[in-house]
Amino acid sequence: MKNLAIKMNTWAKTTALALGLSATVSCSGFLEEDVISQIGNDYLNTPKGLNDGINAAYSTMRNWYGTERGNNFTIFGTDIYTNGADGSWKFMNTYTNQFDSQNGHAREVWDELYRGINTCNAVIDRSANVTGINEELLLQRISEAKFIRAHHYFILVQLFGGVDLQLSETQVPTKEVTRASVASIYAAIIQDLEEAIPNLEAKTQSSDYGRATRPAAEHLLGRVYLTKGTSEAAESSDFAKAEPLLQNVVSNYGFELLPDFGDVHAFGNEINNEVIWSVQYTRDPLTNGGGNNAHVFFLMEYDVQPGMQRDTENGRPFKRYRPTDYTLNVIFADRVNDSRYKKSYRDNFLSNKPGTYNTTFDKSKETVTFAQGDTTMWLPGYNMSEAERAKYPYQVLTPELYTERLFPALKKHMDPGRADRTQFEGGRDYIAFRLADTYLLLAEAQFRQGKMTQATENINMVRRRAAFPGKETEMEISEGDLTFEFITEERARELIGEQTRWLDLKRWGILIERVKAYNPQGGPNIQDFHVLRPIPQNQIDRAEGNASAFPQNPGY
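Note that the structure is a prediction, hence the values are computed from the model and not measured. (Residues numbered from 1 in each chain as written. Predicted model: local features only at pLDDT ≥ 70, side-chain atom pairs only at ≥ 80, totals over all residues. Heavy atoms only, no water.)

Another aspect to go through is the pairing of strand β9 (residues 367–370). Residues of β9 alternate between two faces, with Val368 and Phe370 buried on one and Thr367 and Thr369 left unburied on the opposite face. As paired strands, strand β8 (residues 355–358) and β9 are joined by 4 bridges and run antiparallel to one another. Along β9, the bridge assignment pairs asparagine 358 with threonine 367. (Buried < 20%, exposed > 50% of the residue type's maximum accessible area, 1.4 Å probe, protein only. Helix = DSSP H or I, 4+ residues; strand = E, 2+ residues; numbered from the N terminus. Pairing = 2+ DSSP bridges.)

This paragraph deals with the nonpolar core. Grouped together as the largest cluster of nonpolar side chains are 137 residues, with contacts concentrated most on Phe147 and Ile189. With 13 residues, the single largest contributor to this core is helix α5 (residues 135–160). If we skip the residues at most four places from it in the chain, isoleucine 189 touches Ala150, Tyr153, Phe154, Val157 and Val224. Counting 5 residues, the second largest nonpolar core, distinct from the first, contains Val368, Phe370, Tyr394 and Val396. (Core = buried A, V, L, I, M, F, W, Y, C linked by side-chain atoms within 4.5 Å. Contact = heavy atoms within 4.5 Å.)

Turning next to the confidence of the model for the protein. When pLDDT is averaged along the protein, the result is 92, and 93% of the positions lie at 70 or above. Contacts for the low-pLDDT stretch residues 1–39, under 50 throughout, to residues beyond four places or in other chains number 155 contacts. (pLDDT = per-residue confidence, 0-100.)

This part covers the sheet that holds strand β11 (residues 395–396). The strand order across the open sheet built from 3 strands is β7-β10-β11, with neighbouring strands paired in mixed fashion. Strands with a single pairing partner mark the edges of an open sheet, and in this sheet they are β7 (348–350) and β11. Note that strand β10 (residues 375–378) and β11 share 2 bridges and pair parallel. Note that in β11 the partner of tryptophan 378 across the bridge is valine 396.

The phi dihedral of tyrosine 95 is positive, around 55°, even though this residue is not glycine. Positioned with a positive phi, lysine 319 is a non-glycine residue whose angle comes to about 55°. Tracing the sequence through the fold places lysine 319 in the loop between β4 (275–279) and β5 (321–323).

Next up on the list: the packing of helix α7 (residues 214–228) against helix α8 (residues 238–251). For the pair α7 and α8, the least separation of the axes is 8 Å and the interaxial angle reads 155°. As summarised for this structure, α7 and α8 are arranged roughly antiparallel, according to the angle between their axes. In the crossing of α7 with α8, the sense of the turn from one axis to the other is left-handed. Residues Pro215, Glu218, His219, Leu221, Gly222, Arg223, Tyr225, Leu226 and Lys228 of α7 form the contact with α8, whose participating residues are Asp238, Phe239, Lys241, Ala242, Leu245, Leu246, Asn248 and Val249. Here the contact of α7 with α8 is built from residues that sort into 9 nonpolar, 3 polar and 5 charged. (Axes fitted to C-alpha atoms, helices over the stretch in contact; angles between N-to-C directions. Parallel < 35°, antiparallel > 145°, perpendicular 65-115°, else oblique. Left-handed = near helix turned anticlockwise from the far one by under 90°. Nonpolar A, V, L, I, M, F, W, Y, C, P; charged D, E, K, R; others polar.)

Direction vectors running N to C along helix α12 (residues 435–448) and helix α13 (residues 452–466) enclose 160°, while the axes themselves pass 8 Å from each other. By the angle class used here, α12 and α13 are roughly antiparallel. The hand of the α12/α13 crossing is left-handed. Contacts from Ala436, Tyr439, Leu440, Leu442, Ala443, Gln446 and Phe447 of α12 reach α13 at Met452, Gln454, Ala455, Asn458, Ile459, Met461, Val462 and Arg465. Per-class residue counts for the contact of α12 with α13 are 11 nonpolar, 3 polar and 1 charged.

Attention now goes to the pattern of salt bridges. Think of it this way: side chains of opposite charge can pair up when their charged atoms draw near. Going through the model one piece at a time under the given rule, you end up with 52 salt bridges. We note a salt bridge from glutamate 68 to arginine 320, for which the minimum N-O separation is 2.9 Å. Here arginine 320 lies in the loop between β4 and β5 and glutamate 68 lies in helix α2 (residues 68–74), a separation of 252 residues in the sequence. Between glutamate 489 and arginine 493 there is a salt bridge, and its shortest N-O distance comes to 4.0 Å. Taken together, the residues span about one helical turn, with glutamate 489 and arginine 493 both in helix α15 (residues 484–495) at a distance of 4 residues. With respect to class, glutamate 489 is no different from arginine 493; both count as buried. Within this structure, Glu274, Asp338, Arg340, Lys412, Arg434, Arg463, Arg465, Glu489, Glu490, Arg493, Glu494 and Glu498 form a network of salt bridges that share partners. (Salt bridge = Lys/Arg side-chain N within 4 Å of Asp/Glu carboxyl O.)

Looking now at the packing of aromatic side chains. One pass over the structure, following the stated rule, counts 32 aromatic pairs. Aromatic pair phenylalanine 484 and tryptophan 508: ring centres 5.7 Å apart, planes at 85°, arrangement edge-to-face. Here phenylalanine 484 is found in helix α15, whereas its partner tryptophan 508 is found in helix α16 (residues 501–508), with 24 residues between them in sequence. Given the relative accessible area of 27%, phenylalanine 484 is considered partly exposed. Judged by its relative accessible area of 8%, tryptophan 508 is buried. Relative to tyrosine 556, the ring of phenylalanine 529 has its centre 5.1 Å away and its plane inclined at 85°; by these criteria the two rings are edge-to-face. In this pair, phenylalanine 529 sits in the loop between α17 (511–518) and α18 (537–541) while tyrosine 556 sits in the segment after α18, placing the two residues 27 residues apart along the sequence. Residue class for phenylalanine 529 comes out partly exposed when judged on its relative accessible area of 24%. The structure contains a cluster of three or more aromatic residues connected by ring pairs, namely Phe76, Tyr81, Phe297, Phe298, Phe318, Tyr321 and Phe424. The ring of phenylalanine 349 has arginine 346 lying over it, and the distance from NZ or CZ to the ring centre is 4.4 Å. (Phe/Tyr/Trp six-rings, centres within 6.5 Å; stacked < 30°, edge-to-face > 60°. Lys NZ or Arg CZ within 6 Å of the ring centre and 35° of its normal.)

Encoded structure:
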């Protein structure tokens, strides 16, 4: 059960880096949430204040996971997704000169992650003054703060490169900031996680659901080492250090791959045996912040098609992210043995607006008539002749008819639990770390070390689960099949739409070539400097010495 109490505190201490000790809302789900205001500076020195402070730090995870900004930074501008028809952020996919230092998403991610970092700094620094709390619990809360701080710096260093490294509480505004080396930031991340791991709960889920646990920290540290291993801070031991961390998560906590891939992201099943750690949301508008909004971005324009109108079940379609031809034709080429295309994408719609209509895209028939619940559209995933499409009493949307408005819609994040069909602020928890990802990261760490037998078996663990019933043997690969290219494709098949792809392509060193090869909207404009995002201009402006002290990334 989820029973982590949440507090929303309004006290804040801001700095030139927006390092606010700003305690907003934290974890959610079935949580009992309170709102507390007008709290003094000494409150954090009390056991209750310390607990509220760490809860406040958790809330800054909601800046990244399930948000428009977090998705735009990780889904757009990759090889597997390009832009659909709508949205004012297409330049983040097309890499035009609109993507500059005034980018609102970059500013919001920067400010809020640093707000969370300084909240963690305050919890850690002030913990020495807290009395009347069990020593074990105190160490756990400090370790949670170190997990969150490491997580935030990991996002920052991947997006921006060297950033300001603050490991103590900023209590008064300051303009004295510098860009630390990438190596020093990775060293701080690793130290935080190594110090946190022994004192976090060693179980699949915390007794207060949503808190960081030992396996969550081990999963994160394993990914940190894999990413560092291909960065400018790389050391020869990085992949070897990643392996036992990821192996421990796989072997020693009781996590399980769900038998059915389709159940992992099923609505109402957000708490399951595959989830290592998730970011908590709620249905309470007072405490939900901006909500988990991933549900709107991956949907096609179903709501103006014959027999259909927008509803909560089918979602509010922003038509933001459209799968590339590479995704549909290469990543999901096998639809006979592999269930992941079928269980990731919506392939049919049922009428919620009965009547007779003129057809819109399928001109193999002039009109269509539907009763409530009749099939209105089918997306078979392959082309048909007009004569073949004409045999069906509904519209058939084949690949040759796909547009920026009509395309296969990812259903992983759909949220029929919203209050009404227009609500943007979703309430589903966002699954940030799950076991299939751990298996794939482990396989990659082993592949990098030439351990082909172990790597192949870990890939096959994921692939056997993804098989249609009875097709498990056909889904297995041999050691000879396991190549780097196969790993990149397998991560796409398993994790598509889960805020990993841009970061994967960047850490692999193939972002530029893959976008040029497979993203026709992004390919013409992407340049070498796009492997880093622009430092927000307001950060440069508020630094002592401006650009001379806090220089912009090249190209922006």
